[in-house]
Amino acid sequence: PAATGSRARLFIAIAVILLLLIPAIVAGIYWQQGASNRGEAESLLDLAEARLLSAEDALDQEDTTTARALLTEANEYVLQGEEILGRTPRSSDLLERIRSEQQTVMQITPLYGLTTPLATFAADATPQRVLVIDQDVYVLDTGRNEVLLYRLDANGETLAGEGQAVLRAGDVVNGVTVGSLVDVAWQVPVPGYEDKASLLLLDANNRVFRYNQVDGGTLVSFGEPSPWQRATQVEVFSDRLYVADEAANQIYRYAPGTYQEPPTPWFQPTTQVRLQGIEAMRIDGDIWLLFGDGKVVRYHAGEQVPFSLDDSIALAADPVDLYVSQAVNDPTLYLADAAEERVLFFNKETGDFLGQFQAAEGRPLAGLRSIFIDEARSSLFLLTDEALYVQRLPR
């Protein structure tokens, strides 16, 4: 039977108390958790500040190696604290102090010109490589499987118009269907063989296509049977075409314009080679190979020569591209590190670390994919998942 009188009032009072008590308990739990989180975040910031003070002491004693390690730890502690509590005035101040010291000990040169991109890309694009030839900018997009061509204005810092796709996977060129796009290289005119400079495009079917603005797309004919098993990189140096075949563990070299002739295997028979995992192949007379673990291997005359990058700053965590200077008076090797959103540069003769480029503010280099240096204009082009930037080399 339904409760009446004082019994009913008791039940009603209990229900009201429960309704009031439960939110209070929940609020108390949240407050306790918040207090615990605040305490944990403050402890992390205390650790960061202690490491920063120790780093400053190490710098006073000119111990840059210890200072560098301590600053890295301090930065990590601040970031962990911000993951818990978000950005606070204290964490912001610590980061500013840490990065000010890092610019000295880690030889960071800030890039101030990354405020407005040259071009932006669609969400389904996967820009993979950029080549700059005079006023023309080519972007290989393996997401949309196309090569885009942009035109620079005379100042070299803005584009004259929208990009246009010049070759796509699925296009039929000389009766052959273009496969998934893999790599690109630039071929200058070859006297007696080719009277026009052209872009060379490698597809996943071990075919090479040529594009120039006069002839459009054409198929490059190679001798049969081709020795290629799985070509992944193409490069041109001194009019010769080099093709890196990861499956065959070989780099094939073709004499200028004579692609119908059998290629020369570039590695000596005695050379131990493992080409799996190549991120980039660049040539300046020697062949330079960048691997996914950050290792850069140098070959001369078909043999590996001793070379290693200075790891005092830390090797690239996610190496994505390599540029080797062609200038005689500039022995510099540039390495793009997507994980740290930076470009490291080294002396290519000694491997000594020279410095690094990072964005002055924000994260415009998130998703860094490729770099190219226009040595004539002294301009650095940076390609990311979302945009293409150009920056005058600050060195």
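Everything discussed here concerns the structure shown above.
Residues numbered from 1 in each chain as written. Predicted model: local features only at pLDDT ≥ 70, side-chain atom pairs only at ≥ 80, totals over all residues. Heavy atoms only, no water.

Before going further, it helps to spend a moment on the overall build of the protein. Scanning the protein for helices and strands turns up three helices and 27 strands. Scaling as 2.2 N^0.38, a compact globule of 395 residues should have a C-alpha radius of gyration of about 21 Å, whereas the protein reaches 29 Å, well beyond that. Structurally, the protein occupies a C-alpha span of about 110 × 70 × 50 Å along its principal axes. Classification of the 395 residues of the protein by burial places 45% in the buried group. (Helix = DSSP H or I, 4+ residues; strand = E, 2+ residues; numbered from the N terminus. Rg over C-alpha atoms; globule rule 2.2 N^0.38 Å. Buried < 20%, exposed > 50% of the residue type's maximum accessible area, 1.4 Å probe, protein only.)

A separate point is helix α3 (residues 89-105). Between its first and last C-alpha, α3 extends 25 Å over 17 residues, near the 24 Å set by a 1.5 Å rise per residue. Buried residues of α3: Ser91, Leu94, Leu95, Ile98, Gln102 and Val105, and no others. Taken down its axis, α3 places every buried residue within 100° of arc, on the same side. Exposed side of α3, more than 90 degrees from the buried face: Pro89, Glu96 and Thr104 are the residues found there. Glutamine 107 sits one or two positions beyond α3 and adopts a positive phi of about 50°. (Expected span 1.5 Å × (residues − 1). Arc of directions from axis to C-beta.)

Turning to the sheet that holds strand β15 (residues 250-254), a few remarks are in order. Taken in spatial order, the four strands make up an open sheet running β13-β14-β15-β16, and their pairing is antiparallel. Single-partner strands in this sheet number two, and they are β13 (231-237) and β16 (264-265). Sheet topology note: the β15/β16 ladder contains two bridges and is antiparallel. Its bridge partner lying in β16, arginine 253 is registered against threonine 264. (Pairing = 2+ DSSP bridges.)

With that settled, the discussion passes to the nonpolar core. Residues Val139, Val147, Tyr334, Leu382 and Leu388 are the most contacted members of the largest nonpolar core, which totals 54 residues. The residues touching valine 147, leaving out its near neighbours within four places in the chain, are Tyr138, Val139, Leu140, Gln164, Ala165, Val166, Leu167, Leu181, Val184, Leu199 and Leu201. Membership of the second largest hydrophobic core comes to 33 residues, among which are Leu95, Met106, Val296 and Leu309. (Core = buried A, V, L, I, M, F, W, Y, C linked by side-chain atoms within 4.5 Å. Contact = heavy atoms within 4.5 Å.)

A word on the sheet that holds strand β12 (residues 216-219). Sheets are built from strands that pair by backbone hydrogen bonding, the pairs being arranged parallel or antiparallel. Strand order in the open sheet formed by four strands is β9-β10-β11-β12, and the pairing between neighbours is antiparallel. The outermost strands of the open sheet, each flanked by one partner alone, are β9 (181-187) and β12. In this sheet, neighbouring strand axes are inclined to one another by 25° on average, regardless of whether the strands run parallel or antiparallel. Here β9 runs beside strand β10 (residues 198-203); their pairing, made up of six bridges, is antiparallel. Bridging across to β10, tryptophan 186 finds its partner in leucine 199. (Axes fitted to C-alpha atoms, helices over the stretch in contact; angles between N-to-C directions.)

With that settled, the discussion passes to helix α2 (residues 64-85). Residues separated by three or four positions in an α-helix point in the same direction, a consequence of the helix having 3.6 residues per turn. With 22 residues, α2 should cover 32 Å at 1.5 Å per step; its first-to-last C-alpha distance of 31 Å lies within 8% of that length. For α2, the complete set of buried residues consists of Ala67, Arg68, Leu70, Leu71, Ala74, Asn75, Tyr77, Val78, Gly81 and Glu82.

One pass over the full model with this rule turns up 15 aromatic pairs. Where phenylalanine 222 meets tyrosine 254, the ring centres are 5.1 Å apart and the plane angle is 70°; that geometry is what we call edge-to-face. One end of the pair, phenylalanine 222, is in the loop between β12 and β13; the other, tyrosine 254, is in strand β15, and 32 residues separate them in sequence. Residue phenylalanine 222 is classed as buried on the basis of its relative accessible area, which comes to 12%. Clustering of aromatic rings is evident, with ring pairs tying together Tyr323, Tyr334, Phe345, Phe357 and Phe372. (Phe/Tyr/Trp six-rings, centres within 6.5 Å; stacked < 30°, edge-to-face > 60°.)

Among the structural elements, glutamate 246 can be located in the loop between β14 (240-245) and β15. A polar atom in the side chain of glutamate 246 sits 3.2 Å from the backbone nitrogen of glycine 277. (Polar contact = N/O pair within 3.5 Å; in protein donor to acceptor, adjacent residues only side chain to side chain.)

This brings us to a nonpolar patch on the surface. Side chains of Leu10, Phe11, Ile14, Leu18 and Ile22 sit close together on the surface and give an oily, nonpolar patch of about 470 Å² of accessible area. Mapping isoleucine 22 onto the fold places it in helix α1 (residues 5-60). (Patch = residues over 30% accessible without salt bridge, like charges linked within 9 Å, V, L, I, M, F, W, Y side chains within 5 Å. Areas by Shrake-Rupley, 256 points an atom, 1.4 Å probe, with all protein chains shown as cover. Salt bridge = Lys/Arg side-chain N within 4 Å of Asp/Glu carboxyl O.)

Another aspect to go through is the pairing of β15. Judged by how many residues are buried, β15 sits mostly within the fold: four of five residues are covered. By the bridge criterion, five bridges tie β14 to β15 in an arrangement that is antiparallel. Within the sheet, the bridge partner assigned to alanine 244 lies in β15 and is isoleucine 251. Linking β14 to β15, which pair antiparallel, is a turn of four residues; within it asparagine 249 sits at a positive phi near 50°.

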